[in-house]
Amino acid sequence: MMKKLAARFFTTLLFIALIFSPTVISMPFAAANTPLDTVAEVTATPSGGVVGFGAPVTLYCATPGATIYYTVDGTMPTIADGIPCTSGTTIIIKSTVTIRAKATKFAMNESPVANFTYTLSAPPPNQVAMVTAATRAVSAGMEVSLACPTANATIVYTIDGSEPTAASSRYQNTTPILITQPSTIKATAMKTGMSDSETATFNYTRAAQVTANPPSDTTLTKGSVISLSCPTPGATIKYTLNGDTPSGTSYAYNPNSPIVINRDTTIKAIASKTGFMFDSEVTTFTYTMVTNQAAPVTANPSSGTVAKGTAVALSCTTPGAVIRYNLDKTKLTGSNGTIYSKDNMPVINADEVTIQAIATKPGLVDGPMATFRYTLTTAAPNQVAPVTADPQDGTAVAEGTNVTLSCPTPNSTIKYTINGTTPASNNGLVYSTPIPINTYTSIKAIGIKSGMSDGPVATFTYHLTRPASQVATVTASPKDNVAVVKGTEVYLACATPGAEIRYTLDDSTPTADSALYSAPIPINAATTIKAIAGKSGMTDSLMATFRYALTNPNPATNANQITNPLLSQPSAWAKSDVVQAIQLGLVPEPLQNNYTKPATRLEFCAIAVQVYEKATGSAITASKQFDDTNDLNVAKMAGLNIVSGMGNNKFAPHEQITREQAAVILTNLLQALNSPPVNQAPTFADQNRISPWAISAVGNVQAQGIMNGVGNNQFSPRGLYTREQSIATLLRIYNSLN
């Protein structure tokens, strides 16, 4: 019996861990071909030595966002076997023990293992050891288990805070104490022939209620930010936006990513803290949106890295609105700041510039303040500056819209292409007049000048807007102007439901008598497909043209291309999902290829925006800017609080997305679409490898059938997520809402 109690004593540790937020993605990524940094070594306070029973030891790691894994049984800490916690976690020492700890962070080398040894000071030789307690949360409250290292000792206790005596309640080893409200348990251990132990006190309190800024029942403008807080140090805040009562698996609030609201909203929140605390009472905050507000200001370029001297064009969709801006980061209102005009545009001349802008109009509430951040290019002193475009990259434009290119380097020449090739001094067209956009167009451009190195290649993509009465333009997968393997099948699609597609292969314009598209078109030679979509009662679509060439058939010179698994065809399991998603207009044309290629964070946002706007029938107006991208889709997703950055206002748009990150974004997207999450823990065999901030999201998408495992009941949380997987799961969300 003594050995069992001793073993139980030496292996019982109580730790208090801060839980990561599942509502944001805040993980850094290493740039390609850049040596990885190493996570800082774990430290402890105190760092070892002789300590008293119940002494607290706090683990720290100086690398922000790192996860600490530790063991107390002498084994090497690993992600699979170590106990995960965050910097600032406290461990209570109740035995002589060695803590071994290391820290990890995605895209960084893990830290070396640190060892901290603690020796428990001995109690008086004839005194019973002090009682210890372990807690377990249950639906009714908390179960408290008591133990004493001294063999055959009897534990007596009270739950009203009074001192225990021999006449107090006796603890039964097989029956934990159930407490359903804040309580103070005091316990003493007794044994014949020995002096009683010191009284152990265990306080079980309630976390303080959550507060909000601005307070509840406030009328706000779109894009307003709500900050939540709790006076209880170390408490985790869980909240909902759909009226449900929050629970342990609801969204965790991250103070670095406040809640952005764009509609009438009710927030319900609780605070919790592991260990000796009950959850706080639920607090409800209600907010109403004003309806007569000016639209937010937009900018071109909208943020990012620009050449010195770049002028920023500001605009607002509210007719007659006056735009005011400043560059000094002071508070901007409708009565201060510089009035914007085309003759008074802000110009980027400093290394880092922040533009704040709002729109005002008599009779309307001032629009939300928009913030745009810019840094100057770090091109070599003898390199031509990057080309810029107006309208900016990613803009949907009317047919015939002219794109104006410019380069800040005096007397430079702009070379550009629209066929997908890379412009150079010996390739491309010389820019002299604006470029008309009459179909989906991708412009690549560089600046060149004698005596200087060519500027970086800039890419600008444009989609056509169309009248509501006109059928959507046909799209193809693979997209236009690509070389494909012989036998590749081309899928045609039209986003207008019920439209039929007519096509030709002889370079003629398709008519109502041309071939009706009903199955993929095989490419066995150089081929030009021309296609038009029509529907009764609507104007025919614009004609789309898709040109394909065969890859070099000589294996000796083209082995890599022929064996490359990243072909344009989706996998067999995904083919029907990809075709349906394209037909519904959920897949941007640039992503209608290389389906087995890992998706980037930017690409995932592009499809998610299509799903949200198609499902709601309205364009997203919310916007949040990052320093490393001016992509409109990323800005929209961040504006709805569906995604967040990686810290320091960076988003890492071109880094590949992991499966657990995708699960979090999918869950946040569902919530933004007013689809409540399913509060269910994941059941994968490798769920212990899922990061704490992603556990509830993975459980949610698994329970709803949105996202499944990779086989053998494995989720592979840090595995990369492909384009076709992204398309399939986002299509499932769209179909669940329609």
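Draft legend 1. How the structure looks around the packing of aromatic side chains. With the rule as written, the count across this model stands at 8 aromatic pairs. Considering the side-chain rings of Phe-604 and Tyr-721, the 6.3 Å spacing of their centres and the 50° angle between planes classify their relative orientation as tilted. Residue Phe-604 is located in helix 4 (residues 601–616), and its partner Tyr-721 is located in the loop between helix 7 (695–703) and helix 8 (723–737); the two are separated by 117 residues in the primary sequence. Like Phe-604, the residue Tyr-721 is buried in the burial classification. Where Phe-684 meets Phe-715, the ring centres are 5.0 Å apart and the plane angle is 40°; that geometry is what we call tilted. Taken together, the residues Phe-684 in the loop between helix 6 (659–672) and helix 7 and Phe-715 in the loop between helix 7 and helix 8 connect sequence positions 31 residues apart. Accessibility assignment for this pair places Phe-684 and Phe-715 in one class, buried. Positioned above the aromatic ring of Phe-651, the side-chain terminus of Arg-601 is 4.3 Å from the ring centre.

Draft legend 2. Up close: the sheet that holds strand 14 (residues 177–179). Spatially, the 3 strands line up as an open sheet ordered 10-11-14, and their pairing is antiparallel. Only two strands of the sheet have a single neighbouring strand rather than two, namely strand 10 (132–138) and strand 14. Taken pair by pair, the neighbouring strands of this sheet meet at an average axis angle of 25°, ignoring direction. Judged from the 3 bridges that link them, strand 11 (residues 141–147) and strand 14 form a sheet pairing that is antiparallel. Of the residues in strand 14, the one forming a bridge with Val-144 is Ile-177.

Draft legend 3. Seen up close, the sheet that holds strand 15 (residues 183–190). Spatially, 5 strands are ordered 13-12-15-16-24 in an open sheet, and the strand pairing comes out mixed. The open sheet terminates on both sides in strands that have one partner only, identified here as strand 13 (169–170) and strand 24 (277–278). Of the strand pairs in this sheet, strand 12 (residues 154–158) and strand 15 are connected by 5 bridges, and their pairing is antiparallel. Within strand 15, the residue paired with Tyr-157 across the bridge is Ala-187.

Draft legend 4. Seen up close, the environment of Asp-328. Within the secondary structure layout, Asp-328 lies in the loop between strand 30 (322–326) and strand 31 (338–339). Between the alpha carbons of Asp-328 and Ile-355 there is a distance of 7.8 Å; along the sequence they are 27 residues apart.

Draft legend 5. Local environment of the pattern of salt bridges. Applying the stated criterion across every chain, the model contains 7 salt bridges. Salt-bridge contacts for Asp-507 lead to Lys-530; the nearest nitrogen and oxygen are separated by 3.4 Å. Taken together, the residues span a long stretch of sequence, with Asp-507 in the loop between strand 46 (500–504) and strand 47 (515–516) and Lys-530 in strand 49 (residues 527–534) at a distance of 23 residues. Relative accessible area serves as the criterion here: at 13%, Lys-530 is assigned to the buried category.

Draft legend 6. A look at the packing of helix 4 against helix 8. The geometry of helix 4 relative to helix 8 is characterised by a closest axis approach of 10 Å and an angle of 15° between their N-to-C directions. In this view, helix 4 runs roughly parallel relative to helix 8, as classed from their interaxial angle. Relative to helix 8, helix 4 is oriented so that their crossing is right-handed. Residues Glu-603, Phe-604, Ile-607, Ala-608, Val-611, Lys-614 and Ala-615 of helix 4 pack against Arg-723, Ser-726, Ile-727, Leu-730, Ile-733, Tyr-734 and Leu-737 of helix 8.

Draft legend 7. A look at the pairing of strand 8 (residues 97–104). Within strand 8, 7 of the 8 residues are buried, leaving the element largely enclosed by the surrounding structure. Pairing between strand 5 (residues 67–71) and strand 8: 5 bridges, direction antiparallel. Residue pairing across strands places Thr-71 opposite Arg-100, the latter belonging to strand 8. Looking at chain direction, strand 8 and strand 9 (residues 114–120) are connected through 5 bridges and run antiparallel. Its bridge partner lying in strand 9, Thr-98 is registered against Thr-117.

Here is what the cut-offs are and how they apply
- Residues numbered from 1 in each chain as written.
- Predicted model: local features only at pLDDT ≥ 70, side-chain atom pairs only at ≥ 80, totals over all residues.
- Heavy atoms only, no water.
- Phe/Tyr/Trp six-rings, centres within 6.5 Å; stacked < 30°, edge-to-face > 60°.
- Helix = DSSP H or I, 4+ residues; strand = E, 2+ residues; numbered from the N terminus.
- Buried < 20%, exposed > 50% of the residue type's maximum accessible area, 1.4 Å probe, protein only.
- Lys NZ or Arg CZ within 6 Å of the ring centre and 35° of its normal.
- Pairing = 2+ DSSP bridges.
- Axes fitted to C-alpha atoms, helices over the stretch in contact; angles between N-to-C directions.
- Salt bridge = Lys/Arg side-chain N within 4 Å of Asp/Glu carboxyl O.
- Parallel < 35°, antiparallel > 145°, perpendicular 65-115°, else oblique.
- Left-handed = near helix turned anticlockwise from the far one by under 90°.
- Contact = heavy atoms within 4.5 Å.

By themselves, these observations are geometric and do not establish any function.
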